[in-house]
Amino acid sequence: MGSTIFAVALPLALGIVMFGLGLTLTTDDFTRVVKYPKTAVIALLCQLVVLPLICFGLVHLFGLDGVLAVGMMLLVASPGGTSANLFSHIAGGNVALNITLTAINSVLAVVTLPVVVAVSYAVFLDDSAAIVLHPAKFVQVFALVLIPVAVGMWVRRRYPDWSGRRQSTVKFAAAGVLVFVVAAALFSEFDTVTGHLGDLGPVALLLCICSLLVGYLVPRAFGVEPADAVAAGMEIGVHNAALAITIATTVLGNETMAVPAGLYGFLMNIPASIAAVLFARSHRARRPSVPAGVVPPR
């Protein structure tokens, strides 16, 4: 996979994904946080503080260093992916809360993501971090993350009927694009992937498992309702691998740095699917039973 594809096709592919996200958002999704203040605050603290610390520990535990270590930190700093909403829906989570958290996380990522990556550069790549905090890098992250989302939101507001009819199509297209982005990252660095599979694979799987557990158990420990905790777990557990890959290859100019996100984008479907099934079963078990002959309320 040539560098031209990464320079042109990947930002375009990510733009489609983020535009599709924008078609699902309204301004109410940003103000809805008032309805779920405790869950939103807990989820955001887990996303922005707890998970980077866990990822940092896993990186050291498995002896990763250099650009691969930075790639893992870039991944954990990325907001939830659009597939988090799908997993949450299957698991019986509060999808409206998922959308709200995705919207807020995407905005915060414009600032938090470059900062986390800059610190990672300083730790794992000596003192090269200065290039990451250059204002141009923030502008590029802003362009990749928020502009397509804003365009999608504008289209939904301006053409609500068209947007409603096209949402399913765009979701399928976004899913296909995600597959392309992950496959392109893995294929382009196939030797790196196979050479570090024993190191990267366990880290990627453990990061996803820890993210799902933290995202669900911490809110539950603070008394958050199960459906809201499921939404938080999926939002925190399913990172936007496409965003991490695109930033690594186009903003930071390092294809090897995209390998952890590419491997995670493939492997995370295993624990996320298992968690969705378990959450769904638990959700059904919590439903009150209806006596025979009684019509349940609609």
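A short tour of the structure in this document, coming up. (Residues numbered from 1 in each chain as written. Predicted model: local features only at pLDDT ≥ 70, side-chain atom pairs only at ≥ 80, totals over all residues. Heavy atoms only, no water.)

## With respect to the overall build of the protein chain
What counts is decided by this rule: Runs of H or I in DSSP of at least four residues are treated as helices and runs of E of at least two as strands, each being numbered from the N terminus. Partly exposed describes any residue whose relative accessible area lies between the buried limit of under 20% and the exposed limit of over 50%, with all areas from a 1.4 Å probe on protein chains only and scaled to the type maximum. Contacts are assigned to residue pairs that have any heavy atoms within 4.5 Å of one another. The protein chains shown are the only cover counted for residues, whose accessible areas, like all others here, come from Shrake-Rupley with a 1.4 Å probe.
Looking only at helices and strands, one finds 14 helices and zero strands in the protein chain. Ordered by position from N to C terminus, the α and β elements of the protein chain give α-α-α-α-α-α-α-α-α-α-α-α-α-α. For the protein chain, with 298 residues in total, the buried portion stands at 51%. Considering only contacts within the protein chain whose residues lie at least 6 apart along the sequence, 83% involve residues at least 24 apart. Of the roughly 13,500 Å² of accessible surface on the protein chain, 69% is carried by carbon and sulfur atoms.

## Considerations on the packing of aromatic side chains
In plain terms, the rule: The pairing test for Phe, Tyr and Trp rings, Trp by its six-membered ring, is centres within 6.5 Å, and the orientation test on the planes gives stacked under 30 degrees, edge-to-face over 60, and tilted for anything in between.
Considering all chains together, one arrives at three aromatic pairs under this definition. Between Tyr216 and Phe279 the ring centres are 4.7 Å apart and the planes differ by 40°, which places this aromatic pair in the tilted class. You can see Tyr216 sitting in helix 10 (residues 197-221) and its partner Phe279 sitting in helix 14 (residues 269-286), a full 63 residues away along the chain. By relative accessible area, Tyr216 is classed as buried at 16%.

## Here we look at the nonpolar core
So the rule is basically this: By nonpolar core we mean a set of buried residues, namely Ala, Val, Leu, Ile, Met, Phe, Trp, Tyr and Cys, connected to one another through side-chain atoms within 4.5 Å.
Ranked by internal contacts, the top residues of the largest apolar core, which has 85 residues, are Met72, Leu113, Met234 and Ile247. No other element matches the eleven residues that helix 6 (residues 95-124) contributes to this core. Apart from residues no more than four positions distant in its own chain, Met72 is found in contact with Cys55, Val59, Leu64, Val203, Leu207 and Pro260.

## Here's the deal with the side chain of Thr102
Relative to the helices and strands, Thr102 resides in helix 6. Thr102 gets classed as buried once you look at its relative accessible area, which sits at 1%. Setting aside residues no more than four positions away along its own chain, Thr102 makes contact with Leu21, Gly80, Asn85 and Glu235.

## Points about the state of the cysteines
Rules: Throughout, disulfides are identified as pairs of cysteine sulfur atoms within 2.5 Å of each other.
Within the structure shown, the criterion is met by zero disulfides. We note that Cys55 lacks a disulfide partner, and the nearest cysteine sulfur, in Cys210, lies 9.8 Å from it. Cys208 forms no disulfide, and the closest cysteine sulfur to it belongs to Cys210, at a distance of 9.4 Å. Taking relative accessible area as the criterion, Cys208 reaches 0% and is therefore assigned buried.

## Regarding the environment of Thr256
With respect to the element layout, Thr256 can be found in the loop between helix 12 (241-251) and helix 13 (259-267). Expressed as a C-alpha distance, the spacing of Thr256 and Ile245, which sit eleven residues apart in the sequence, is 9.6 Å.

## Considering the packing of helix 5 (residues 83-91) against helix 11 (residues 226-237)
Applied cut-off: Only C-alpha atoms enter the line fits that serve as axes; for helices the fit covers just the stretch in contact. Angles between N-to-C directions range over 0 to 180 degrees. Each angle receives one of four descriptions, namely roughly parallel if under 35 degrees, roughly antiparallel if over 145, roughly perpendicular if within 65 to 115, and oblique otherwise. Crossing handedness is defined as follows: a turn of the near helix away from the far one that is anticlockwise and smaller than a right angle gives a left-handed crossing, while the clockwise case is right-handed. Under the scheme applied, nonpolar residues are Ala, Val, Leu, Ile, Met, Phe, Trp, Tyr, Cys and Pro; charged residues are Asp, Glu, Lys and Arg; polar residues are all the others, including Gly.
Relative to each other, helix 5 and helix 11 sit at 150°, their axes nearing to 9 Å. As judged from the angle between their axes, helix 5 and helix 11 are roughly antiparallel. Read as a crossing pair, helix 5 and helix 11 show a hand that is right-handed. Of the residues in helix 11, those touching helix 5 at Ala84, Asn85, Phe87, Ser88 and Ala91 are Val230, Ala231, Met234 and Glu235. Split by residue class, the contact of helix 5 with helix 11 holds six nonpolar, two polar and one charged.

## Thoughts on a nonpolar patch on the surface
What counts here: For patch building, the residue pool is restricted to those with more than 30% relative accessible area and no salt bridge; the joining distance is 9 Å between like charges and 5 Å between nonpolar side chains (Val, Leu, Ile, Met, Phe, Trp, Tyr). What counts as a salt bridge is simple: a side-chain nitrogen of Lys or Arg found within 4 Å of a carboxyl oxygen of Asp or Glu.
A contiguous nonpolar surface patch, about 560 Å² in accessible area, is contributed by Val41, Leu45, Leu48, Val49, Val50, Leu53 and Leu108. Residue contributions to the nonpolar patch peak at six residues, all from helix 3 (residues 37-61). Among the secondary structure elements, Val49 is positioned in helix 3. Val49 sits in the partly exposed class, given a relative accessible area of 43%.

## What to know about helix 13
By the criterion of burial, helix 13 is predominantly enclosed, with eight of the nine residues buried. For helix 13, the complete set of buried residues consists of Val259, Pro260, Ala261, Gly262, Leu263, Tyr264, Gly265 and Leu267.

## Regarding the environment of Ser282
For Ser282, the position within the fold is in helix 14. With 56 residues separating them in the primary sequence, Ser282 and Pro226 have C-alpha atoms 9.3 Å apart.

## Focus on helix 11
Heads up, the rule is: Helix span, as expected, comes to 1.5 Å for every residue beyond the first.
When the terminal C-alpha atoms of helix 11 are compared, their 16 Å separation across twelve residues agrees well with the 16 Å that a helix rising 1.5 Å per residue should span. Across the twelve residues of helix 11, eleven count as buried, placing the element largely inside the fold. All of the buried residues in helix 11 are Pro226, Asp228, Ala229, Val230, Ala231, Ala232, Gly233, Met234, Glu235, Ile236 and Gly237.

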